[in-house]
Amino acid sequence: MSREIQNDFSILEGFLSHYNLCHLLEDKKFNVFVSKQHKKYYSYLTFIAEIQKYVDSVDYRNKLSPIQFSFLKESCSDAGISFFSAIHGSYKSSKMLLRSSIETFFKGYFLDLIPDLDKESSMYNFFKKIKDCEFYTVEPQKSIIDIIHGEYKLLCEYVHTATTLNMSNLSALNYFPSFNENEAKKVSDFSLPLISNYLTLLCLKYNEQYHAFHFKNKKIVINSIPKQYRQIINNIAE
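For every chain, the first residue of its written sequence is number 1, and the numbers climb from 1 along that sequence. Totals for whole chains, interfaces and linings use all residues, but because this is a predicted model, local features are given only for residues with pLDDT of at least 70 and pairs of side-chain atoms are given and counted only at 80 or more. Remark: hydrogens and water are excluded; side-chain values derive from all non-hydrogen atoms of the structure.

Caption draft 1: Examining the pattern of salt bridges more closely. The term salt bridge refers to a side-chain nitrogen of Lys or Arg lying within 4 Å of a carboxyl oxygen of Asp or Glu. Across all of its chains, the model carries 15 salt bridges by this definition. The shortest N-O distance in the salt bridge between Lys63 and Asp56 comes to 3.6 Å. For each residue, the accessible area found with a 1.4 Å probe, counting protein chains only, is set against the maximum for its type, and the residue is called buried under 20%, exposed over 50%, and partly exposed in between. Taking the relative accessible area as the measure of exposure, Lys63 reaches 37% and is therefore partly exposed. Salt-bridge contacts for Lys129 lead to Glu120; the nearest nitrogen and oxygen are separated by 3.0 Å. Overall, Glu120 belongs to the buried group, its relative accessible area being 16%.

Caption draft 2: Highlighting helix 3 (residues 66-88). Strands here are runs of E lasting at least two residues and helices are runs of H or I lasting at least four, both read from the DSSP assignment and numbered beginning at the N terminus. What a helix should span is 1.5 Å times the count of its residues minus one. Taking 1.5 Å of rise per residue, the 23 residues of helix 3 would be expected to cover 33 Å, and the 33 Å separating its terminal C-alpha atoms lies within 8% of that figure. Where helix 3 ends, the next residue or the one after it, Gly89, has phi of about 95 degrees, a positive value.

Caption draft 3: Structural context of the confidence of the model for the protein. In the predicted model, the protein carries a mean pLDDT of 92, and the fraction of residues at 70 or more is 94%. Note on residues 162-169: pLDDT is under 50 here. Beyond four places in sequence and across chains, it has seven contacts. Each residue gets a pLDDT score, which is the predictor's confidence in that residue and runs from 0 to 100. When checking whether two residues touch, look at their non-hydrogen atoms; a contact exists if any pair is within 4.5 Å.

Caption draft 4: The arrangement of the packing of aromatic side chains in detail. In summary, the pairing rule links any two rings of Phe, Tyr or Trp, Trp by its six-membered ring, whose centres are within 6.5 Å, and it sorts them by plane angle into stacked for under 30 degrees, edge-to-face for over 60 and tilted for everything else. Counting across every chain of the model gives 20 aromatic pairs. Ring geometry for Phe106 versus Phe110: centroids 5.9 Å apart, planes at 45 degrees, classification tilted. Of this pair, Phe106 and Phe110 both sit in helix 4 (residues 91-110), four residues apart, roughly one helical turn. A residue is classified by how much of its surface remains accessible, and Phe106, at 0% relative accessible area, is buried. A ring pair is formed by Phe106 and Phe127, whose centres lie 5.9 Å apart and whose planes are at 90 degrees; its orientation type is edge-to-face. Here Phe106 is found in helix 4, whereas its partner Phe127 is found in helix 5 (residues 123-132), with 21 residues between them in sequence. By the ring-pair criterion, three or more aromatic residues cluster together here, those being Tyr44, Phe105, Phe106, Tyr109, Phe110, Phe126, Phe127, Phe135, Tyr152 and Tyr198. Geometrically, a charge over a ring is one whose NZ (Lys) or CZ (Arg) sits within 6 Å of the ring centre while staying within 35 degrees of the ring normal. Just above the ring of Tyr109 sits the side chain of Lys205; from NZ or CZ to the centre is 4.7 Å.

Caption draft 5: Spatial organisation of the environment of Leu97. Along the chain, the position of Leu97 falls in helix 4. Excluding residues within four positions of it along the chain, Leu97 makes contact with Asp78, Ile81, Ser82 and Ser85.

Caption draft 6: Summary view of unusual backbone geometry. Residue Pro140 is bonded to the preceding Glu139 through a cis peptide linkage, with omega at 10 degrees. Within the secondary structure, Pro140 sits in the loop between helix 5 and helix 6 (141-159). For the bond running from Phe176 to Pro177, omega is -10 degrees, close enough to zero to count as cis. Although it is not a glycine, Asp56 sits at a positive phi angle of roughly 65 degrees.

Shown next, in the form of C-alpha cells:
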C-alpha cells in the first residue's frame, strides 16, 4: 500500500471513529423528518411481523406463500435501508432503495396471480403483466397501483440520473452525516405515500389475516393508511 493511500486511510479511520448524528438531532426539522419516516416504516414492520404468522395458512382464502412473504419482507427491508440512508443524508441512494422496494413489493403481492413475475427482466413487461391481470381492474386497487407505478417512473430518473436535478455531485465522505431539508422532503414525498399504499393494498388483499392481528398492531397499521380506505378495510359500509 502506497504512503498516500495509507495516509488517507488513517484519515478515514479518524472520520469513522468520530462519526455520529448527535448534531443533527439539534435540528427540529430533522426530528420531524425522522419521526414521520419512522411512523410509516414501523407500521410496515408491524404488518410484516403479524402476517408472518399466517404464511402458507390454508385457513384463509387469500393464502400467502413463503416466496411471496420473502419478497414482501425484502420490500420492507428496502424501505428500512432507504430510511437509514436518508437519516444520514444519502438522499439519492435512499430513492434508489425505494425504487427497489416497489419491485420487491409487487413481486410479493402478485406472484400468486402472475407466477413468473419474479423472472421478468424487462420492467416494461413487468408492469404490463400486472396491468393485464384481472385483479388490476378492481378499485381501489387499480388506482393505487397506478399511483405506485407513477412513483416508480419518477424514481427511475434518479437511478439513471436523468437530469442534473437528479445528481448528487458528492465527492467526499465527510459530507455525511448531513441534513438538507429540501432533499429530505423529496424523499418523504416518495416514501410516506408509498408505504401507505403498500399497507392499503396488503390490508385489502389479506383482509382476513389483518383482522386476526393483535388489536394494538391493527391500530398501528390502520393509522398509516389513508382515511378514505379505512372503512373498506374495516368492512364498514358507507
